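Spelled out, the chains give:
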Amino acid sequence: MVRRKSLAELRSARWFAPDDLRSFGHRSRMMQLGYSEAEFRDRPVIGILNTWSELNTCHSHFHKRARDVKRGVLSAGGLGLELPALSLDESFLKPTSMLYRNMLAMETEEMIRAHPLDGVVLMGGCDKTTPGLVMGALSAGVPMIFLPAGPMLRGHFAGKILGSGSDAWKYWDERRAGNVSEAEWQGIQGGIARSAGTCMTMGTASTMTAIADALGLSLPGASSIPAVDSAHQRMGADSGRRIVDMVWEDLTPERVVTPASVRNAVVVSLAIGCSSNAVVHLIAMARRAGVPLTLDDFDKLGREVPLVANVRPAGSRYLMEDFHQAGGLRALMKRIEAHLDTGCLTVTGRTLGENLVGAEVYDDEVIRHPENPVSGASSLAVLRGNLCPDGAVVKPAACDPTLHLHEGPALVFDSYPEMKRAVDDESLKVTPGHVLVLRNAGPLGGPGFPEWGMLPIPTVLVKQGVRDMLRLSDARMSGTSYGACVLHIAPESHVGGPLALLRTGDIVRFDLPNRRLDMLVDAAELARRRAEWVAPPPRFERGNGHLFARHVTQADKGCDFDFLETRFGRAAGEPDIF
């Protein structure tokens, strides 16, 4: 039998229960908000951390969804209070939302700790909001449940189904090749994003909400429900009801996020054909829970776990709406159950195995059998070599198989504008065998680790019909992207990583089967170049950028701030109330 907290053990009781002047002030201010004592005393107070904003298209439904959460909290005997959290929109936030993920994590942790909250519902979904919210809540330690934004409806134009991001890149190449008219381009622009919700391909947003689901932090299968489906409203209310019970049960995140559940999350990410961003975010999330996840863990499991979600861009045809109708994440996890630790506890209070009872797949083409995977190649691979001694990542299933073993001359660019000018120049001397290289695009060099890693194919090659070639960078790329793009090269060039020493004309060898990435330059020449290398000046002199530059870790470590990782020191604990 689960032990239930007493009223005196509620965290909010420290603010409202004592018969003293300070608690009098707290109670009077709650009454100023229009609440009677019966509404906020002797009941769980639930914080609803809402990342809605009028500039966050993925979360445009969240101002309404918060009301559904409050409805659920109230029906379970709690009080739901909405708190605005930093809204990290992937489309409009520049230079990159990654520059602010850790800021959201800090805000989440401190907002939870400093307020009279017994539990929290985390409302996120757009790429960096999921890891940012979860990282902060893991550090805060109160009961929490994650409410995913859900994918938008599939796009449509001229009888064609459009996928977020993936078809933007695809049709932009065709437009550059002269195959798409202005009228068609405008039609694609208006038809590719038709509703509230995150990208409906298996991009970073759907990857990260699936990871939260697999960790046991969401109601089972919540991650694949489309944003505008009425089931999403019901899931919101159910999340509100469940968090109240979690408070009484004292079901804290440290009981849910364990080495076994983190491994489950890696397995699921590989089975869904995850965004490459899963690596950097899940490493950061795991380390907040004291789990030392590494790149090698991803590579090891990547060789074992089949890609069974036939969802673009790793899949060939389907989108998240199809995935949901085929049974969603519960069905996928049931299908790969042999790879999972089903004994892990989840926010339901039951084990993962109990949550999967009755789950079934309704379309074997959308969610494949492990014996009939979408691709024989792994979802993710980790490379090592003299270009990336601390690692780099690539998505084998999303790139041309003829490039899995490739050797060619490098064409190196030191900035995005330099690269963009070159690829748009139809007189550029380049062949399909060249290796495009962009550096100074990592955590410090970008700044902020921008999604520049899917370098555009040079226009002169696009017009020849080339649609993939080997590309290297210390950047990230959008989870909706695809191609032979080697990413997250660590250490990054901005701090003197080997990528800083590569020169145009050097031969690069990419050996995916053996997980190698090397420049064929002798040691003496590299030593000479190392002696000549000059560190670039700092990008920021104040503000968040300055803090980021001083404390962010490299890609292989998750890009968290070093002082926020669990190993750095004890959390601050409960605030003093005097």
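1. Some details on the overall build of the protein
Broken down by element type, the protein carries 21 helices and 14 strands. Since a compact globule built from 578 residues should have a radius of gyration of about 25 Å, the 24 Å found for the protein is in line with a globular shape. Taking the principal axes of the C-alpha coordinates as reference, the protein spans close to 80 × 55 × 45 Å. By the burial criterion, 60% of the 578 residues in the protein qualify as buried. Sequence-distant contacts in the protein: of pairs separated by 6 or more residues, those separated by 24 or more amount to 76%. Total accessible area on the protein stands at roughly 22200 Å², and carbon and sulfur atoms take up 53% of it. Side-chain charges in the protein split into 64 positive and 67 negative, and the spacing between the mean points of these groups amounts to 1 Å.

2. Some points on the packing of helix α5 (residues 101-114) against helix α6 (residues 129-140)
Helix-helix packing: each pair is described by the crossing angle between the helix axes and the interaxial distance. Contact pair α5 / α6: the axes reach a minimum separation of 7 Å and the direction vectors enclose 40 degrees. Note that α5 runs across α6; the crossing there is right-handed. Within the contact between the two elements, α5 uses R101, N102, L104, A105, T108, E109, I112 and R113 and α6 uses T129, P131, G132, L133, M135, G136, A137, S139 and A140. The residue makeup of the contact of α5 with α6, split by class, is eight nonpolar, six polar and three charged.

3. Some points on unusual backbone geometry
Cis geometry is found at the peptide bond from R312 to P313, where omega equals 10 degrees. Omega for the peptide link from G446 to P447 comes to 0 degrees, which places this bond in the cis form. Phi at D250 is positive, roughly 55 degrees, even though this residue is not glycine. Looking at the element boundaries, D250 is found in the loop between α10 (230-249) and α11 (253-256).

4. As for the environment of G141
Relative to the helices and strands, G141 resides in the loop between α6 and β4 (144-148). On the accessibility criterion, G141 (29% relative accessible area) is partly exposed. On a C-alpha basis, the gap between G141 and P44 in space is 16 Å, while along the polypeptide they are 97 residues apart. G141 has contacts with T252 and P253, leaving out every residue within four places of it along the chain.

5. A word on the sheet that holds strand β3 (residues 119-124)
Hydrogen bonding along the main chain pairs the strands of a sheet, whether they run parallel or antiparallel. Taken in spatial order, the four strands line up as β2-β1-β3-β4 in an open sheet, and their pairing is parallel. Each edge of the open sheet is held by one strand with a lone partner, namely β2 (79-84) and β4. Neighbour to neighbour, the strand axes of the sheet diverge by 20 degrees on average, direction disregarded.

6. Overview of helix α9 (residues 204-215)
Taking 1.5 Å of rise per residue, the twelve residues of α9 would be expected to cover 16 Å, and the 16 Å separating its terminal C-alpha atoms lies within 8% of that figure. Buried residues dominate α9, accounting for twelve of its twelve residues. Those residues of α9 lying buried are T204, A205, S206, T207, M208, T209, A210, I211, A212, D213, A214 and L215. Looking one or two residues past α9, G216 carries a phi angle of roughly 95 degrees, positive in sign.

7. Observations concerning the layout of surface pockets
Here the second largest pocket defines a volume of roughly 740 Å³. As for the second largest pocket, its lining consists of 30 residues, of which R113, L138, S139, A140 and A571 are closest to the centre. Secondary-structure elements contributing two or more residues to the lining of the second largest pocket are α5, α6 and α11. For the lining of the second largest pocket, the leading source of residues is α5, giving four residues. Tallied by class, the residues present in the lining of the second largest pocket amount to twelve nonpolar, seven polar and eleven charged.

8. Overview of the environment of T553
Locating T553 in the fold gives a position in the segment after α21 (543-551). Distance from T553 to E249, taken between C-alpha atoms, is 36 Å for residues 304 residues apart in sequence. Apart from the residues lying within four places of it in its own chain, the contact partners of T553 are P443, G558, C559, D560, D562 and E565. For T553, the side chain forms a polar contact with the main-chain nitrogen of C559, separated by 3.0 Å.

9. A few points about the pairing of strand β13 (residues 507-511)
Two strands pair when backbone bridges link them, and strand β9 (residues 405-413) and β13 are joined in this way by five bridges, in the antiparallel orientation. Counted as the bridge partner of L405 is D511 from β13. Across four bridges, the pairing between β13 and strand β14 (residues 516-519) is antiparallel. Bridge pairing in β14 links V508 to M519. The turn linking β13 back onto β14 is made up of four residues, and R515 within it adopts a positive phi angle of 55 degrees.

10. Re the sheet that holds strand β8 (residues 391-394)
The eight strands lie next to each other as β7-β8-β12-β11-β10-β9-β13-β14, forming an open sheet whose pairing is mixed. Looking at the sheet topology across the chains shown, the edges are occupied by β7 (381-383) and β14. On average, each strand axis in the sheet is inclined to that of its neighbour by 25 degrees, with strand direction left out of account. Direction of pairing for strand β10 (residues 435-438) relative to strand β11 (residues 471-473): parallel, over a ladder of three bridges. Across the sheet, the residue bridging to V437 is L472, located in β11.

11. Topic: the pairing of strand β12 (residues 485-490)
Along any regular strand, the residues point their side chains to alternate faces of the sheet. Judged by how many residues are buried, β12 sits mostly within the fold: six of six residues are covered. Two elements, β8 and β12, share two bridges in a ladder whose sense is antiparallel. Across the sheet, the residue bridging to V393 is L487, located in β12. Bridge count between β11 and β12: two bridges; the pairing is parallel. Residue pairing in the sheet places R471 in a bridge with C485 of β12.

12. Topic: the side chain of R11
Within the secondary structure, R11 sits in the segment before α1 (13-16). For R11, a relative accessible area of 9% corresponds to the buried category. A polar side-chain atom of R11 sits 3.0 Å from the main-chain carbonyl oxygen of L117. In this view, R11 contacts I112, R113, A114, H115, P116, L117, D118, V142, E574 and P575; residues no more than four positions away in its chain are not counted.

Thresholds, definitions, all that
Residues numbered from 1 in each chain as written. Predicted model: local features only at pLDDT ≥ 70, side-chain atom pairs only at ≥ 80, totals over all residues. Heavy atoms only, no water. Helix = DSSP H or I, 4+ residues; strand = E, 2+ residues; numbered from the N terminus. Rg over C-alpha atoms; globule rule 2.2 N^0.38 Å. Buried < 20%, exposed > 50% of the residue type's maximum accessible area, 1.4 Å probe, protein only. Contact = heavy atoms within 4.5 Å. Areas by Shrake-Rupley, 256 points an atom, 1.4 Å probe, with all protein chains shown as cover. Lys, Arg positive; Asp, Glu negative; His and termini not counted. Charge placed at Lys NZ, Arg CZ, Asp CG, Glu CD. Axes fitted to C-alpha atoms, helices over the stretch in contact; angles between N-to-C directions. Left-handed = near helix turned anticlockwise from the far one by under 90°. Nonpolar A, V, L, I, M, F, W, Y, C, P; charged D, E, K, R; others polar. Pairing = 2+ DSSP bridges. Expected span 1.5 Å × (residues − 1). 1 Å grid on protein atoms, 1.4 Å probe; cavity = no way out; pocket = protein on both sides within 12 Å on 5 of 7 lines; lining within 4 Å. Points joined across faces, edges and corners; volume = space filled by probe spheres on them. Polar contact = N/O pair within 3.5 Å; in protein donor to acceptor, adjacent residues only side chain to side chain.

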